[in-house]
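Structural overview
Letter by letter, the chains look like this.
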Amino acid sequence: MSIERRNFLKALCAGGALVTVGGCATPGGPRASGKVVIVGAGYGGATAAKYLSLWSNGSVDITVVEPNAEFVSCPLSNLVIGGSKQLADITVGYDGLRKRGIKIVRDTATAVDPDRRVVKLAAGADLPYDRLILSPGIEFLWNNVPALNNAAAQSSILHAWKAGPQTVALRKQLEAMPDGGVYALSIPVAPYRCPPGPYERACQVAWYFKRAKPKSKVLILDGNGDVTSKGPLFKKAWAEEYKGIVEYRPNHVLTDVDVRTQTAKFETHDEVKATVLNVVPPMRAGNIAQQAGVITANNRWCEVDFLSFESIKVKNVHVLGDAIQIAPAMPKSGHMANQHAKVCAAAVLQLLAGQPVSPTPIITNTCYSFITDSDVVHVDSVHRYDAEKKTFLTVPGSGGVSPAMSAIEGSYAFAWAKNIWADTFA
Ligand SMILES: Cc1cc2nc3c(=O)[nH]c(=O)nc-3n(C[C@H](O)[C@H](O)[C@H](O)COP(=O)(O)OP(=O)(O)OC[C@H]3O[C@@H](n4cnc5c(N)ncnc54)[C@H](O)[C@@H]3O)c2cc1C
């Protein structure tokens, strides 16, 4: 076995984020060459950059465009809101990627010209590409919450659904809230980024209230008819661990807010006034996906060929992560974005080398949710490409959920985070 092939197989199975591409066939490897531009250095984009570099042995020219100097992880960000972690604990730098020879341009991509194969940047530069990978995450549909459609309102009623300054600001709002206050969390109708994330957030705020503000309440105002992920586990936690603190109300589709009074308004239910109102608005693929013309599903998400993650509409443009129209039972998660990126990186190298792409990718997902600062539950799944249906389907009998919350799962969850940060950014 060649060193390249050994390295490739080792890399393929690195970290906790296993993916198999065509039964571990070597992709383009050293024969691939060309320019790949990646927009967004989050879970999808950074993983794609790393594995393109690793699997091509540096023969491909890779440029990543990202406006932020460091990456702040959404996974574990609810612990910052609960107060058991700090922002520094969930912040990762890009030096690992730079050390691999990957160019990181600190800028925002504003347009794509697919005919000339050029990405335009806010600072004025044009970046030519042979293959473009977009992993821009999500943008909010502010028009669906009209009173929040301005910067002043957005600094008062927070989403904290992109980790960073809003995560810290929401924590400060909770610290400033008097004991006896109500924290209300509005959840959009699925699909949205991280199905269990809002319910984990409710647990983390309840964990804080139980210790510091025991007369306070957490009110979950869910646009969905029921808890969208790990329902029985979360409901058990609210009934037992957070009895008298958490109240869950389904079918609360938000129509607008009153910013001054922190009031939420709904399609079919009475208004709810909160002390701290936290609104996760409905969302779609990030703006650059719209500008590139790759949004094809419901004006919100990007349909892709799941063998390569190439857009079904715009050639030579691939889309990863939260921005895509998901396959059945595929969550919008960091773990999934990391997996999409590996399938895509292998396919891009194969395409650049003039080879066919691997026909049978298999990917996995594990999602941990913190109930307390240390007790955790998980859900996991395995997804295999189905050639007939041309999508990923969950492998029968694979995956499952925790029997109950436990501290041992807490240690696995922290290990998962360390592994995926190393697998993505180191
Ligand atoms: C509270 C919360 C908890 C979560 N917990 C988990 C968890 O436990 N496990 C899990 O797997 N997932 C979790 N997730 C989901 C996870 O964060 C996302 O699914 C993941 O970040 C998606 O990766 P991505 O690459 O699509 O987007 P991101 O990771 O958001 O990366 C997008 C990047 O693109 C950049 N960008 C956007 N537009 C442009 C542009 N025009 N030009 C240049 N750069 C641009 C952004 O700055 C950003 O860095 C959680 C999410 C939330 C909100």
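Just above, that's the structure.
Here's a quick rundown of the structure. (Residues numbered from 1 in each chain as written. Predicted model: local features only at pLDDT ≥ 70, side-chain atom pairs only at ≥ 80, totals over all residues. Heavy atoms only, no water.)

Some words on the overall build of the protein
Secondary structure summary: the protein contains eleven helices and 26 strands in total. By the compact-globule yardstick of 22 Å for 426 residues, the protein fits well, its C-alpha radius of gyration being 21 Å. In terms of overall dimensions, the protein has a C-alpha envelope of 65 × 45 × 40 Å along the principal axes. Buried positions account for 56% of the 426 residues belonging to the protein. Taking contacts inside the protein between residues at least 6 apart in sequence as the whole, the part at least 24 apart equals 67%. Approximately 16700 Å² of the protein is accessible, and the part contributed by carbon and sulfur atoms is 53%. Counting 44 positive and 36 negative side-chain charges, the protein places the centres of these two groups 4 Å from one another. (Helix = DSSP H or I, 4+ residues; strand = E, 2+ residues; numbered from the N terminus. Rg over C-alpha atoms; globule rule 2.2 N^0.38 Å. Buried < 20%, exposed > 50% of the residue type's maximum accessible area, 1.4 Å probe, protein only. Contact = heavy atoms within 4.5 Å. Areas by Shrake-Rupley, 256 points an atom, 1.4 Å probe, with all protein chains shown as cover. Lys, Arg positive; Asp, Glu negative; His and termini not counted. Charge placed at Lys NZ, Arg CZ, Asp CG, Glu CD.)

A few points about the sheet that holds strand β15 (residues 254–258)
Taken in spatial order, the three strands of this open sheet run β15-β16-β17, and their pairing is antiparallel. For this open sheet the edge positions go to β15 and β17 (272–273), each flanked by a neighbour on one side alone. The pairing of β15 with strand β16 (residues 263–266) spans four bridges and is classified as antiparallel. Each bridged residue has a counterpart across the sheet, and for Asp-258 the counterpart in β16 is Thr-263. (Pairing = 2+ DSSP bridges.)

A word on the packing of helix α10 (residues 334–352) against helix α11 (residues 407–425)
Two numbers describe how α10 lies on α11: the axes approach to 11 Å, and their chain directions differ by 30°. The orientation of α10 with respect to α11, classified from their angle, is roughly parallel. Taken as a pair, α10 and α11 cross one another with a handedness that is left-handed. For the pair α10 and α11, contact is made by Gly-334, His-335, Asn-338 and Lys-342 and by Trp-416, Ile-420, Asp-423 and Thr-424, respectively. Per-class residue counts for the contact of α10 with α11 are two nonpolar, four polar and two charged. (Axes fitted to C-alpha atoms, helices over the stretch in contact; angles between N-to-C directions. Parallel < 35°, antiparallel > 145°, perpendicular 65-115°, else oblique. Left-handed = near helix turned anticlockwise from the far one by under 90°. Nonpolar A, V, L, I, M, F, W, Y, C, P; charged D, E, K, R; others polar.)

Looking at the site of the ligand
Taken together, 34 residues form the shell around the ligand, and within it Gly-44, Glu-66, Ser-135, Arg-193 and Asp-322 come nearest. At a separation of 2.9 Å, a nitrogen atom of the ligand approaches a polar backbone atom of Ala-109. Ser-135 places a side-chain nitrogen or oxygen 2.9 Å from an oxygen atom of the ligand. Compared with its free state, where it exposes 1000 Å², the ligand has 91% of that area covered by protein. Looking at the shell around the ligand, the elements that each hand over two or more residues are α2 (43–55), α3 (77–82) and α10. Broken down by element, the residue count for the shell around the ligand peaks at three residues, all from α10. Taken together, the residues that form the shell around the ligand break down as 15 nonpolar, 13 polar and six charged. (Near = heavy atom within 4 Å. Polar contact = N/O pair within 3.5 Å; in protein donor to acceptor, adjacent residues only side chain to side chain.)

Overview of the side chain of His-378
If you trace the backbone, His-378 turns up in strand β24 (residues 376–386). Residue His-378 is classed as buried on the basis of its relative accessible area of 16%. A polar side-chain atom of His-378 sits 2.7 Å from a polar atom in the side chain of Asp-380. Side-chain polar atoms of His-378 contact the side chain of Glu-409, separated by 2.8 Å. Among residues more than four places away in sequence, those in contact with His-378 are Lys-230, Thr-366, Cys-367, Tyr-368, Gly-400, Val-401, Ser-402 and Glu-409.

Digging into the pairing of strand β14 (residues 246–249)
Covered by surrounding structure in β14 are Val-246 and Tyr-248 only, the residues Glu-247 and Arg-249 on the alternate face being uncovered. Taken together, the four bridges between strand β13 (residues 217–222) and β14 define a ladder with parallel strand orientation. Residue pairing for β14: Val-218 is matched across the bridge by Val-246. Assessed by its sense of winding, the connection that carries the chain from β13 through helix α8 (residues 231–239) to β14 is right-handed. (Right-handed = clockwise from strand over helix to strand, strands pointing away.)

A short note on the packing of aromatic side chains
For the structure shown, the criterion picks out 15 aromatic pairs. One aromatic cluster in this structure is built from Tyr-43, Phe-71, Tyr-94 and Phe-425. Just above the ring of Tyr-208 sits the side chain of Arg-171; from NZ or CZ to the centre is 4.0 Å. Residue placement shows Lys-332 over the ring face of Trp-301; its charged tip is 3.7 Å from the ring centre. (Phe/Tyr/Trp six-rings, centres within 6.5 Å; stacked < 30°, edge-to-face > 60°. Lys NZ or Arg CZ within 6 Å of the ring centre and 35° of its normal.)

Re unusual backbone geometry
For residues that are not glycine, phi is negative in most cases, and the peptide bond is trans in most cases. Note the cis peptide between Ala-190 and Pro-191, where omega equals 5°. Relative to the helices and strands, Pro-191 resides in the loop between β12 (182–187) and α7 (197–212). Positive phi is not limited to glycine here, since Asn-299 has a value of about 60°. Note that Asn-299 resides in the loop between α9 (287–292) and β20 (304–305).

Notes on the nonpolar core
Formed by 132 residues in total, the largest nonpolar core has its most connected members in Val-218 and Trp-238. It is α10 that provides the largest number of residues to this core, a total of nine residues. The residues contacting Trp-238, other than those within four sequence positions of it, are Tyr-199, Cys-203, Ile-220, Val-227, Lys-243, Val-246 and Tyr-248. (Core = buried A, V, L, I, M, F, W, Y, C linked by side-chain atoms within 4.5 Å.)

Re the environment of Ala-202
For Ala-202, the position within the fold is in helix α7. Assessed through its relative accessible area of 0%, Ala-202 is described here as buried. Taking the C-alpha atoms as reference, Ala-202 lies 15 Å from Gln-173; in sequence the two are 29 residues apart. Setting aside residues no more than four positions away along its own chain, Ala-202 makes contact with Leu-185, Val-218 and Ile-220.

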